[in-house]
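Here are the chains, one letter per residue:
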Amino acid sequence: MIQKLYRCECFTCGLLLTEDEDSGGVYMSFWKYGSPNPMGLLERLRRAWNIVKTGRYFDDQIILNEATARELCNDMDSILKKQEVKP
């Protein structure tokens, strides 16, 4: 079973990939890092810089670097290959 968290380049969120071997399904969910406490000044500046640099900040998107994107694709491919083998 594969269950892995892929961290976003903004360092505030990620994507959790979970394989359900019983149903043959794949679950993907968005995760946010941090606590429910108010953000400190450094975190606010980092997020503001990300908005200035990229022009956007969305809670429902993640940014993966090339290595992480390849890792996600490889893990998805291995899940699909296991499902092809099942009768």
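A few points on the structure. Owing to the predicted nature of the structure, the values given are computational and were not obtained by experimental measurement. (Residues numbered from 1 in each chain as written. Predicted model: local features only at pLDDT ≥ 70, side-chain atom pairs only at ≥ 80, totals over all residues. Heavy atoms only, no water.)

Focus on the side chain of Glu 19
Which entries qualify depends on this criterion: Numbered from the N terminus, helices here are DSSP runs of H or I no shorter than four residues, and strands are runs of E no shorter than two. Contact definition: two residues touch when any of their heavy atoms are within 4.5 Å.
Secondary-structure assignment places Glu 19 in strand 2 (residues 13–20). Aside from chain neighbours lying at most four places away, what touches Glu 19 is Met 1, Ile 2, Gly 25, Ile 79 and Lys 82.

Considerations on the pairing of strand 2
Let me state the cut-off plainly: Each residue gets one of three labels from its accessible area relative to the maximum for its type: buried under 20%, exposed over 50%, partly exposed in between, using a 1.4 Å probe on protein chains only. Only when DSSP finds a minimum of two bridges between them are two strands counted as paired.
A large share of strand 2 lies buried, amounting to seven of its eight residues. Judged from the five bridges that link them, strand 1 (residues 3–7) and strand 2 form a sheet pairing that is antiparallel. Counterpart to Leu 5 in the pairing with strand 2 is Leu 16. Hairpin connection, strand 1 to strand 2: the antiparallel pair is bridged by five residues, and Phe 11 has positive phi, about 65°. Where strand 2 lies against strand 3 (residues 25–32), eight bridges are found, and the strand directions are antiparallel. Directly across from Leu 15, in strand 3, lies its bridge partner Phe 30.

Considering the sheet that holds strand 2
Put simply, the test is: Only the contacting stretch of a helix is used when fitting its axis, a line to C-alpha atoms as for every element, and angles between N-to-C directions run 0 to 180 degrees.
The strand order across the open sheet built from three strands is 1-2-3, with neighbouring strands paired in antiparallel fashion. Unpaired on one side and paired on the other, strand 1 and strand 3 mark the two borders of the sheet. Looking at each pair of strands side by side, their axes are set apart by 20° on average, direction ignored.

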